[in-house]
Amino acid sequence: MTPAAPADCVLDGHRARWLPDGDATFAAMLELVATARESVCLESYIVRPGEPAVSLLRALVGACQRGVRVQVLYDAFGSEGLPAGFFGPLRAAGGAVRVFSPARRLRLAFRDHRKLLVCDARCAIVGGHNIAPEYVGDGVTRGWRDLALRIEGPVAGALAASFEAMYALAPMSAAGIRKFRAVVRSRPHSAGAVRLLTSGPGWPAGELSRALRFDLGSARAVQCMAGYFLPPVRMRRALHRCAAGGGVVQLLLTGRSDVPLARYAAEHLYGTMLDGGAQIYEYQPQILHAKLIIMDDTVYVGSCNLDRRSLSINYELLLRLEWPELAAR
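Residues numbered from 1 in each chain as written. Predicted model: local features only at pLDDT ≥ 70, side-chain atom pairs only at ≥ 80, totals over all residues. Heavy atoms only, no water.

(A) How the structure looks around the nonpolar core. Membership of the largest hydrophobic core comes to 46 residues, with the highest contact counts inside it found for Phe100, Leu149, Ile151, Leu159, Leu319 and Leu321. When residues of this core are assigned to their parent elements, the largest contribution, nine residues, is made by helix 4 (residues 155–169). If we ignore the near neighbours within four places in the chain, the residues touching Leu149 are Ala16, Arg17, Trp18, Leu19, Ala124, Ile125, Val126, Val301, Leu319, Leu321 and Leu326. Core analysis: the second largest hydrophobic core is formed by 39 residues, Ala36, Leu60, Cys64 and Val72 among them. (Core = buried A, V, L, I, M, F, W, Y, C linked by side-chain atoms within 4.5 Å. Buried < 20%, exposed > 50% of the residue type's maximum accessible area, 1.4 Å probe, protein only. Helix = DSSP H or I, 4+ residues; strand = E, 2+ residues; numbered from the N terminus. Contact = heavy atoms within 4.5 Å.)

Below is the structure:
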């Protein structure tokens, strides 16, 4: 007998569910696109040919044919190998596609590292999955280990507005930058138990880092799952203070990496982190790519790695969820 799927977590007008691997995430994305009635906004750092991109493209074309407004945004650097005509069928069906920062001179400076699907400004999926074959699977026997969150409620409107800002900015033209600034100024403010945090040039400076450090300052239990782990000094000190004060700090890092240099850099921190009281585990079955932090009853999930590029340079997004049931799940 197949076990029943766990019930959604509900809080403050939001409904959320964990998507624990690539298979679950891409199935949920296809379902959302297939049921969208007004709009579909898809944003990804990497898009590569093959699955799941082919199935998603087919679903996006179908949405256009139903009269749904479809917009796709992907990063030029991350998706450099994508054939120029890949999204041709979507454009032919009436969909809109933009490439973030197409000018080569800008690609090494900053990137759109975000991963986001928003449908009808009411339901969204956020997490670490790029749209590429290596993310397909259960994360144990095949495919990289990642996770995502499906969430319905008011924060989806903030996510849709965030997408519109990035979509306006993508060409890096003077007009696009002006529109980006206007959208940022008028974006819906997310507050309370469910908040959207963004980073990158033009978004509120340091918002994401400050929120993380604030919660670390009072946390008694910290659980962090990170494929790339090289936090700034102030964040490392906050982790040390938590452990030194009797708290629990557990780090689940990758035992296998697609970027060996990043893994070696993380290993250089192992000695000081262990001496400071942290527990370190390495995920072995597949490459770990997930981005998840749980501090007591507060969850952070999204596209942001714990390194300087994500926290200070790239365009990123995290959801901050002060949600005990979700944290327990």
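(B) The arrangement of the sheet that holds strand 9 (residues 194–199) in detail. Judged by pairing direction, the sheet is mixed, and its seven strands sit side by side in the order 9-15-14-13-10-11-12 without closing on themselves. Every interior strand has two partners, whereas the edge strands, strand 9 and strand 12 (279–283), have only one. Taken over all neighbouring pairs, the strand axes of this sheet differ in orientation by 15° on average, direction set aside. In the sheet, strand 13 (residues 291–295) pairs with strand 14 (residues 298–302) via four bridges, with the strands oriented antiparallel. Bridging across to strand 14, Leu292 finds its partner in Val301. Sitting on the sheet, helix 6 (residues 207–218) touches strand 9, strand 10 (221–226), strand 13, strand 14 and strand 15 (316–322), and the angle it makes with strand 9 is about 130°. (Pairing = 2+ DSSP bridges. Axes fitted to C-alpha atoms, helices over the stretch in contact; angles between N-to-C directions.)

(C) Quick look at empty space enclosed by the protein. Using the criterion set out here, one finds five cavities of 30 Å³ or more in the structure. As a volume, the largest cavity reaches approximately 100 Å³. Considering the residues around the largest cavity, the lining is formed by 17 residues, among which Met29, Lys115, Leu116, Ile125 and His129 are closest to the centre. Among the secondary structure elements, those contributing two or more residues to the lining of the largest cavity are helix 1 (22–35), strand 3 (39–44), strand 6 (116–119) and strand 7 (123–127). Here the residues of the lining of the largest cavity sort into nine nonpolar, six polar and two charged. (1 Å grid on protein atoms, 1.4 Å probe; cavity = no way out; pocket = protein on both sides within 12 Å on 5 of 7 lines; lining within 4 Å. Points joined across faces, edges and corners; volume = space filled by probe spheres on them. Nonpolar A, V, L, I, M, F, W, Y, C, P; charged D, E, K, R; others polar.)

(D) Here's a closer look at the sheet that holds strand 2 (residues 14–19). Pairing in this open sheet of eight strands is mixed, and the strands run 1-2-8-7-6-3-4-5 from one edge to the other. Each of the sheet's edge strands pairs with one partner strand only, and the pair in question is strand 1 (9–11) and strand 5 (96–100). Direction aside, the axes of adjacent strands within the sheet are offset by 15° on average.

Purely geometric stuff here, so don't read any function into it on its own.
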